[in-house]
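Take a look at the letters that make up each chain.
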Amino acid sequence: MDSLDNDIVIRFASYLCSKDLVSLALTSRRFGSTRLHDTGLSLIEDTAYQIICNAEEDEREAIPKLADQSYIELYSELEQYRAPRKFDQLIGDRFSYVNNDKSRIKLLVPKGNRNLTNTAICNHVMRAGRHYITFTREGIEGDGYFGIIRPLKNWDKKGLDCLNPLNRGCFPCLQEERTERWSGDVNYCSVAAGFGFMGGCLWHDWRSCDPIDPHEWEGSEGFVSGDEIGMLLDLDSGTLCVYRNGRRLGIMKDGLSGDYCWTTTIWSHGEGVRIEKGCGSIVSRYEWI
């Protein structure tokens, strides 16, 4: 490929994923080190830059380039944004994937008399733009929380038998994960679904001693088994809007900023959850006025 024109190399390289672009950059100084006169980027960095420029507007808005971020890294983030959502981390000893499908989880029968709370996290980090997701409740009628949490790296490797993000005993360990990207006071926020919860909002900063009780918000409703719980996180306006079976209920929480991931917490055995990413057209259709 050393004899090929730069434009031809970029055209072919634009079909590669970010990992393959990195591998190509390592094969020759021309691809990975030599800077182009017009852009000042390497051939591979310029390829990634052009891929980003050709992305959809909502995709570019969701992944603004950070000062210390390369275009290859930004391209990798774009791939993650486009990928289907799944539960990357199962924290607790009772979770299981359904038929090895990481977008679906269920809670197994508790060991002994323990009925411990388990938490699942989607590792995709949302830091700007708008993101729509659906949690579909499957299985028996039970209790659960569905919402957003700060990124927690490798907590599924800690060997925990349970995790409740609203358990005060967990707050010190959760705070140890704090980074400069944790702006604002809302480190966790979810809608409570199940017996007696009536779709109340639960949120916390993991620091204060304020009561942790679900509070009603304008438009809140209860959720039952089989319901599709839709959520639209708008980090430009700092709001989390909730939907029930495609019907907009309202803005559950505002004042959101910084990095978040999708999460669910359940403790009733037999309860299951499916997570699914909404596309740009869905976000536009559910946009409020």
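The shown structure was predicted, so the numbers you read here are calculated from the model rather than taken from an experiment.

(A) Structural detail: the sheet that holds strand β7 (residues 188-193). Reading across from one edge, β1-β4-β12-β6-β7-β8 is the order of the six strands in this open sheet, with antiparallel pairing throughout. Both edges of this open sheet fall to β1 (89-91) and β8 (201-204), since each of them pairs with a single strand only. On average, each strand axis in the sheet is tilted by 20° relative to the strand beside it, whichever way the strands run. Across four bridges, the pairing between strand β4 (residues 118-121) and strand β12 (residues 261-266) is antiparallel. Its bridge partner lying in β12, Thr119 is registered against Thr265.

(B) Quick peek at the sheet that holds strand β3 (residues 101-107). Pairing within the open sheet is antiparallel, and its seven strands lie in the order β2-β3-β13-β5-β9-β10-β11. Strand pairing shows two members of the sheet lacking a second neighbour, β2 (95-98) and β11 (247-253), which therefore form its edges. The mean inter-strand angle of the sheet, taken between neighbouring strand axes irrespective of direction, is 30°.

(C) Molecular detail of the pairing of strand β10 (residues 239-244). Within β10, six of the six residues are buried, leaving the element largely enclosed by the surrounding structure. Residues Thr239, Cys241 and Tyr243 line one face of β10 and the alternating positions Leu240, Val242 and Arg244 line the opposite face, and both faces are buried. By the bridge criterion, six bridges tie strand β9 (residues 228-234) to β10 in an arrangement that is antiparallel. When the sheet's bridge partners are listed, Ile229 is paired in β10 with Arg244. From the end of β9 to the start of β10, which pair antiparallel, there are four residues, and Gly238 there has a positive phi angle of about 70°.

(D) Expanded view of helix α6 (residues 71-82). For α6, with twelve residues, the first-to-last C-alpha span of 16 Å sits near the 16 Å given by 1.5 Å per residue. Among the residues of α6, those classed as buried are Tyr71, Ile72, Leu74, Tyr75, Glu77, Leu78 and Tyr81. Tucked inside the fold, the buried residues of α6 contact α2 (18-25), α4 (43-53), α5 (57-62), β5 (130-139) and β13 (271-277).

(E) Broad picture of the packing of aromatic side chains. One pass over the structure, following the stated rule, counts five aromatic pairs. Judged by centre distance (5.7 Å) and plane angle (75°), the rings of Tyr132 and Tyr243 are edge-to-face. On the criterion of sequence distance, the pair formed by Tyr132 in strand β5 and Tyr243 in strand β10 is long-range, its members being 111 residues apart. Its relative accessible area of 4% is what places Tyr132 among the buried residues. The class of Tyr243 is buried, set by a relative accessible area of 1%. When the centroid spacing of 5.6 Å and the interplanar angle of 50° are considered together, the rings of Phe135 and Phe146 count as tilted. Note that Phe135 is positioned in strand β5 and Phe146 in strand β6 (residues 144-149), a separation of eleven residues in sequence. Phe146 matches Phe135 in its accessibility class, with the two residues each being buried. Each residue in the set Phe135, Phe146 and Trp262 is aromatic and connected to the rest through ring pairs, giving one cluster. A cation over a ring is seen here: Lys65 above Tyr71, with NZ or CZ 5.1 Å from the ring centre.

Reading the values: the criteria
- Residues numbered from 1 in each chain as written.
- Predicted model: local features only at pLDDT ≥ 70, side-chain atom pairs only at ≥ 80, totals over all residues.
- Heavy atoms only, no water.
- Pairing = 2+ DSSP bridges.
- Helix = DSSP H or I, 4+ residues; strand = E, 2+ residues; numbered from the N terminus.
- Axes fitted to C-alpha atoms, helices over the stretch in contact; angles between N-to-C directions.
- Buried < 20%, exposed > 50% of the residue type's maximum accessible area, 1.4 Å probe, protein only.
- Expected span 1.5 Å × (residues − 1).
- Contact = heavy atoms within 4.5 Å.
- Phe/Tyr/Trp six-rings, centres within 6.5 Å; stacked < 30°, edge-to-face > 60°.
- Lys NZ or Arg CZ within 6 Å of the ring centre and 35° of its normal.

On their own, these measurements won't tell you what the molecule is for.
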